[in-house]
Amino acid sequence: MNKGNEKGYLALVLHAHLPFVRHPEYDDFLEEDWFFEAMIETYLPLLDMFEKLTADSVDFRITMSITPPLCNMMADDLLKTRFRRYLHNRIELTEKESGRTRGTPYEEVARMYEAKFKRLRLLWEDYYHSNILEGFKKFQDMGKLEIITCCATHGFLPLQVYKESVNAQIKIAVEDYKRHFGRAPRGMWLAECAYNPGDDVYLKDAGIRFFFTESHGILYGSPRPRYGVYAPVYCPSGVGVFARDMESAHQVWSADTGYPGDPVYREFYRDLGYDLDYDYVKPYLHSDGVRRNIGVKYNAITGKVPLDKKAPYSPARALEKAAAHAGNFMFNRQKQIEHLNGFLQKKPLIVSMYDAELYGHWWYEGPQFLEMLFRKLHHDQADIRPITPMEYLEENPDNQVIQPSMSSWGDKGYHEVWLNAGNDWIYRHLNKMAQRMIALANRYDTTDGVLGRALNQCARELVLAQSSDWAFLITVGTAMQYSSKRTKEHIDRFNELYEQIKDTRIEEEFLRELEWKDNIFPQIDYRIYKSSGIAHIKQPRALTT
């Protein structure tokens, strides 16, 4: 495509995030599977897609947030060892399955799994040397991928009373990003797309150039945005804001009409963990021997029929459908851009935002859909140019200044998922912890010795407790017991350390155990919570044009 001849732009944004789940105190921990499943079903397949597009000289642009908790899990030696065990275990099973299913309707899908898992092993061990971040950095350095960061532990900023705490969530994330990717991040995904007017000054102070909001974050801004969500705006602080396009979102997300519900795609809820003979599948279950999903599934969605009536899954038919859906998505964006271009008298920007784990984990064929979409955008049209937010801002630096409104994504769009009668008990503890952390940072000014380690561990326990995932999981009723337990553990650990510091009786063995269990952010400096360190940026007046 000749740059400049396009009618509009498409910015595809994937938010990759998991809560920090790492339990060295157990040899085998169920919730660590969240990370292993996402590695096999989403993160490595996305990198495989980037490798194939690059090998075929297909130009593409994609933006991904890789949150600090996820970065730290990807870089953790213990989780790397356990992931290797998980992956090799699945390869062993699928090798046996390729033989067992020979001559049956399931032979094609069994062989597909064996080939896929071996390809992922090749990527992870040989291409990226057991460090998947190396793969993502490779494509960022090539200019194909823009990796942005997120709040340190996916902390929900609008519900944080103390601005020192908001500032810390942002700056801890920025420092952690530099450690993993060798340069400063240019963009940030605010956890749950939750924006609080004024917090952009802390983003500005941390060097962040842009962030994202839900559609109504811009649409209800003041003054109203001249181009709706089809062009970014600047906050009064000068930080850019991109808003979600709901038309393209619904084509993928909609439970009723979205692509992932097509009958030929893989059925998520029927799994070999339940289908196979117990003694045969037991070596691939957790050590408690309870039947659960193991991520190998042989059936198609088929339709609204019971699980035992689902038809055999055909990878070839599913790939054809993914290609057709990619063509449909591109066609609809062409028509959308054509209409908007004439209406706005400006090249519109479509910002399509999704959870990364939708692609591959929930929608198994999602990475294939994306690969086919980028191939079609490269070969079959000239109307749409894929772009990253930073590229757009560099090419289009003049944008309207407005004050975006408070907003989040999720039900009703105003924080209710993360603050309701079921989880409101969390916040009085989080606010008290933050108040105490700020007091400690203002009182002490040393990072040396046991005291310095204890103060840094307090900061780790605070940010881990602030993860929005715990409040979310309590609301939706998924992993509610684990989420409540994690929240209470971090509160208890922080308060015990706080009392020990206050009484000058730090128990080094207790501290050492916490450092071993909750080892996120090894470079953390608790002094980030000092009140004197937060930004006081004079905001320019908002433009009225």
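Small disclaimer: the values here were computed from a predicted structure and weren't measured.

Comments concerning the overall build of the protein chain
Thinking step 1. Scanning the protein chain from terminus to terminus reveals 19 helices and nine strands.
Thinking step 2. For the protein chain, whose C-alpha radius of gyration is 24 Å, the value lies close to the compact-globule estimate of 24 Å for 545 residues.
Thinking step 3. The dimensions of the protein chain, computed from C-alpha atoms along their principal axes, are 70 × 65 × 45 Å.
Thinking step 4. Sorting the 545 residues of the protein chain into buried and exposed places 60% on the buried side.
Thinking step 5. Considering only contacts in the protein chain between residues 6 or more positions apart, those separated by 24 or more positions represent 79%.
Thinking step 6. Accessible surface, the protein chain as shown: approximately 21700 Å² in total, 51% of it carbon and sulfur.
Thinking step 7. Here the protein chain contributes 69 positive and 76 negative side-chain charges, whose respective centroids are spaced 3 Å apart.

Thoughts on the pattern of salt bridges
Thinking step 1. Going through the model one piece at a time under the given rule, you end up with 52 salt bridges.
Thinking step 2. Here Asp518 makes a salt bridge to Arg493, at a shortest N to O gap of 2.8 Å. Of this pair, Asp518 sits in the segment after helix 19 (508-517) while Arg493 is found in helix 18 (residues 480-502), placing the two residues 25 residues apart along the sequence. Arg493 carries the same exposure label as Asp518, and that label is buried.
Thinking step 3. In this structure, the salt-bridge partner of Arg527 is Asp525, at a minimum N-O distance of 2.9 Å.

Digging into the pairing of strand 5 (residues 210-213)
Thinking step 1. Residues Phe210 and Phe212 line one face of strand 5 and the alternating positions Phe211 and Thr213 line the opposite face, and both faces are buried.
Thinking step 2. With two bridges connecting them, strand 4 (residues 187-189) and strand 5 associate as parallel partners. Across the sheet, residue Gly187 finds its bridge partner in strand 5, namely Phe210.
Thinking step 3. Since strand 4 and strand 5 lie parallel, the crossover through helix 7 (residues 200-205) that links them has a hand, and here it is right-handed.
Thinking step 4. The pairing of strand 5 with strand 7 (residues 240-243) spans four bridges and is classified as parallel. What sits directly across from Phe212, in strand 7, is Phe242.

Regarding the confidence of the model for the protein chain
Thinking step 1. With 98% of its residues at a pLDDT of at least 70, the protein chain reaches an overall mean of 95.
Thinking step 2. For residues 539-545, every residue scores under 50 in pLDDT, and the model assigns this stretch eleven contacts once sequence neighbours within four places are set aside.

Some remarks on a nonpolar patch on the surface
Thinking step 1. Together, Leu219, Tyr220 and Tyr414 make up an exposed nonpolar region whose accessible area comes to about 310 Å².
Thinking step 2. Within the secondary structure layout, Leu219 lies in helix 8 (residues 215-219).
Thinking step 3. By relative accessible area, which is 36% here, Leu219 ends up partly exposed.

Here we look at the side chain of Lys530
Thinking step 1. Summarising the element assignment, Lys530 is placed in the segment after helix 19.
Thinking step 2. Notably, Lys530 is buried but unbridged: the nearest opposite-charge side chain belongs to Asp445, and the N-O separation is 4.1 Å.

Some words on the pairing of strand 7
Thinking step 1. Burial along strand 7 is two-sided: the face carrying Gly240 and Phe242 and the face carrying Val241 and Ala243 are both buried.
Thinking step 2. Here strand 6 (residues 233-234) folds back onto strand 7 in antiparallel fashion, the turn holding five residues, of which Gly238 has a positive phi close to 100 degrees.

What to know about unusual backbone geometry
Thinking step 1. Note that the residue after Ser222, namely Pro223, is joined by a cis bond; omega there is -5 degrees.
Thinking step 2. If you trace the backbone, Pro223 turns up in the loop between helix 8 and strand 6.
Thinking step 3. At Ser57, a position not held by glycine, the phi torsion is positive, near 60 degrees.
Thinking step 4. Tracing the backbone through its elements, the reader meets Ser57 in the loop between helix 1 (33-55) and strand 2 (62-66).
Thinking step 5. Unlike most non-glycine residues, Cys193 shows phi in positive territory, near 55 degrees.
Thinking step 6. Tracing the backbone through its elements, the reader meets Cys193 in the loop between strand 4 and helix 7.

Things to note about the packing of aromatic side chains
By convention here, two paired aromatic rings are described through the distance between centres and the angle between planes.
Thinking step 1. Scanning the entire structure with this criterion turns up 38 aromatic pairs.
Thinking step 2. Measuring from ring centre to ring centre gives 6.3 Å for Tyr113 and Tyr298, while their planes differ by 35 degrees; the resulting arrangement is tilted. One end of the pair, Tyr113, is in helix 4 (residues 107-127); the other, Tyr298, is in the loop between helix 11 (278-281) and helix 12 (315-344), with 185 residues separating them in the sequence.
Thinking step 3. A centroid spacing of 5.0 Å and a plane angle of 80 degrees characterise the contact between Phe268 and Tyr269, whose relative ring orientation is edge-to-face.
Thinking step 4. With a relative accessible area of 13%, Phe268 lands in the buried category.

Focus: helix 13 (residues 366-379)
Thinking step 1. Over its 14 residues, helix 13 runs 20 Å from end to end, which matches the ideal 20 Å to within 8%, given 1.5 Å per residue.
Thinking step 2. Buried residues dominate helix 13, accounting for ten of its 14 residues.
Thinking step 3. For helix 13, the full list of buried residues reads Gly366, Pro367, Phe369, Leu370, Glu371, Leu373, Phe374, Arg375, Lys376 and Leu377.
Thinking step 4. Against strand 1 (8-16), helix 1, strand 2, helix 12 and strand 9 (384-386) lie the buried residues of helix 13.

Calculation criteria
- Residues numbered from 1 in each chain as written.
- Predicted model: local features only at pLDDT ≥ 70, side-chain atom pairs only at ≥ 80, totals over all residues.
- Heavy atoms only, no water.
- Helix = DSSP H or I, 4+ residues; strand = E, 2+ residues; numbered from the N terminus.
- Rg over C-alpha atoms; globule rule 2.2 N^0.38 Å.
- Buried < 20%, exposed > 50% of the residue type's maximum accessible area, 1.4 Å probe, protein only.
- Contact = heavy atoms within 4.5 Å.
- Areas by Shrake-Rupley, 256 points an atom, 1.4 Å probe, with all protein chains shown as cover.
- Lys, Arg positive; Asp, Glu negative; His and termini not counted.
- Charge placed at Lys NZ, Arg CZ, Asp CG, Glu CD.
- Salt bridge = Lys/Arg side-chain N within 4 Å of Asp/Glu carboxyl O.
- Pairing = 2+ DSSP bridges.
- Right-handed = clockwise from strand over helix to strand, strands pointing away.
- pLDDT = per-residue confidence, 0-100.
- Patch = residues over 30% accessible without salt bridge, like charges linked within 9 Å, V, L, I, M, F, W, Y side chains within 5 Å.
- Phe/Tyr/Trp six-rings, centres within 6.5 Å; stacked < 30°, edge-to-face > 60°.
- Expected span 1.5 Å × (residues − 1).

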